[in-house]
Amino acid sequence: MGKKKIVWGTCWLREETELLCLFMKRAANAFAEMGMDVYTVVFDAAYKRDEKEIKKVKEDIECIVIRNMCEIYPNKNYGVAIISKIAYKIGADYTAVVDSDWKIEDFGKFINNLLYPLLVEEHDLVIPDISTAAGRCNVLIGKPLLELFYQEYADKIPTTFPGAFLGKTRSIYEITSKSTYHFDWGGEWDIIADACKMGMKIASPVLGMQNIRHRSNDSKTYDSFQIWRACLEDLTESRLSHLNNVHECNIYEDPFAKVVLSAEMSATKQIEKLIEWSKCNNISKTQLQLIYMVLLPLAAILDDRCDYDTLIDIVTDTGQPYERDELYKVALLVPHCVRMAISYSGKSLEIIRKSAANCYGRHFSKWNVKGKEKAMGYADAQILRMVL
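**Q** Can you help me understand helix H13 (residues 285-302) in this one?
**A** Along an α-helix, residues three or four positions apart point the same way, because every turn accommodates 3.6 residues. Between its terminal C-alpha atoms H13 stretches 25 Å, which fits the 26 Å expected from 18 residues at 1.5 Å a residue. At Leu 295, H13 is deflected by roughly 40 degrees, the largest bend along its length, and proline Pro 297 occurs up to four residues later in sequence. The element H13 is extensively covered by neighbouring structure, given that 17 of its 18 residues are classed as buried. Backbone geometry just after H13 places Asp 304 at a positive phi near 55 degrees.

Printed below as a string of structure tokens:
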């Protein structure tokens, strides 16, 4: 039996060149020590990056660099689609995509724990457990969505969007090559949802990764809009019926929780009720995340609120925009909010899916079918020259 082949990919946007190269070299060395053939792939996500930076990367590490030729952001999952296609073309056994700005405590342990579920336990996909660093998308969107629509996987995937994954190449490429795969942050949900639908065996080991980034409310809200769109666009009757199993939670004696749970109304009306309540009551910056990350995107999609940005001002917080312990309590309210938002939207499943699919621009990004086809055309030309 020959050596196992792995494509180790990353999407490079604002990461420092030196740190990017160091991260990728350390990974390549670790795989080589394990007797694996590693192919390093860097998707240059920046549009018109300084050529000196690209030259430095190519000189410093042995890698394939695919340039971004489209000025559409966010584009990480465009990069994921490219990396997985390269892996498929060269016949790699495994495909990994990891953010190079993660701080790794023990790199050898990181690689071993990442590979072990696939090499020894015969899993199909590894979604790292970063619970100690989980933020708004994981706590308020990822985990609740699994509990609502893919309950059989809810306990198996502690953090839905860790910024890294490793999987069998054929399975990953089957997901990322679909015409419905989103090139913006919606692609993060596509990978998880499709893996669940395909019945993949998923492992979530703790890898000792530490998040060294922090993003503001307005920046993070973009992620939420794109993830909710991807989820609602893919709803089915069977998964929609899971909302009937949502039970009212008796979580803690808090006035905010009480007003949320009493709001049996559309997403727009829920927002208006909470804003009105906040005029006479203190609403914490953590509680506001329920509006920013859940209700606002649901109002835009389900209630056709093209003017969703007039419902509430998204406060840019350059400090810590939430308290972690409180965030988990707020997350318990999400299933109720989603059930009410869908139930009181007055839309059929078909219309919900179409509404989600037609969301474009602003917080939903400017990726569409033509844009994706054009972007992959640029990438395919580079892949043809560099890989085949």
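**Q** Got a minute to help me understand the pairing of strand E7 (residues 164-168) in this structure?
**A** Each regular strand displays side chains that alternate between the two surfaces of the sheet. With four of its five residues buried, E7 lies for the most part within the structure. Direction of pairing for strand E4 (residues 94-98) relative to E7: antiparallel, over a ladder of five bridges. Looking at the pairing, Val 97 lines up with Phe 165 of E7. Here two bridges tie strand E6 (residues 125-126) to E7, and the two strands are oriented antiparallel to one another. Bridged to Val 126 within E7 is Leu 166.

**Q** Where do I start with the environment of Arg 239 in this structure?
**A** Note on placement: Arg 239 falls in helix H10 (residues 237-240). Taking the C-alpha atoms as reference points, Arg 239 and Leu 148, separated by 91 residues in sequence, lie 8.0 Å from one another. Excluding residues that lie within four positions of it along the chain, Arg 239 makes contacts with Phe 149, Tyr 150, Lys 197 and Asp 234.

**Q** Explanation requested: the pairing of E4 in the structure shown.
**A** Taking burial as the measure, the five residues of E4 include five buried ones, the bulk of the element. Judged by which residues are buried, E4 turns out to be covered on both faces: Tyr 94, Ala 96 and Val 98 on one side and Thr 95 and Val 97 on the other are all buried. Bridging between strand E1 (residues 5-12) and E4 involves four bridges; their strand directions are parallel. Residue Val 7 lies in a different strand from E4, and its bridge partner there is Thr 95.

Conventions and cut-offs
- Residues numbered from 1 in each chain as written.
- Predicted model: local features only at pLDDT ≥ 70, side-chain atom pairs only at ≥ 80, totals over all residues.
- Heavy atoms only, no water.
- Helix = DSSP H or I, 4+ residues; strand = E, 2+ residues; numbered from the N terminus.
- Expected span 1.5 Å × (residues − 1).
- Bend = angle between axes of the 7 residues up to and from the residue.
- Buried < 20%, exposed > 50% of the residue type's maximum accessible area, 1.4 Å probe, protein only.
- Pairing = 2+ DSSP bridges.
- Contact = heavy atoms within 4.5 Å.

Take it as geometry only, folks, not as evidence of what the structure does.
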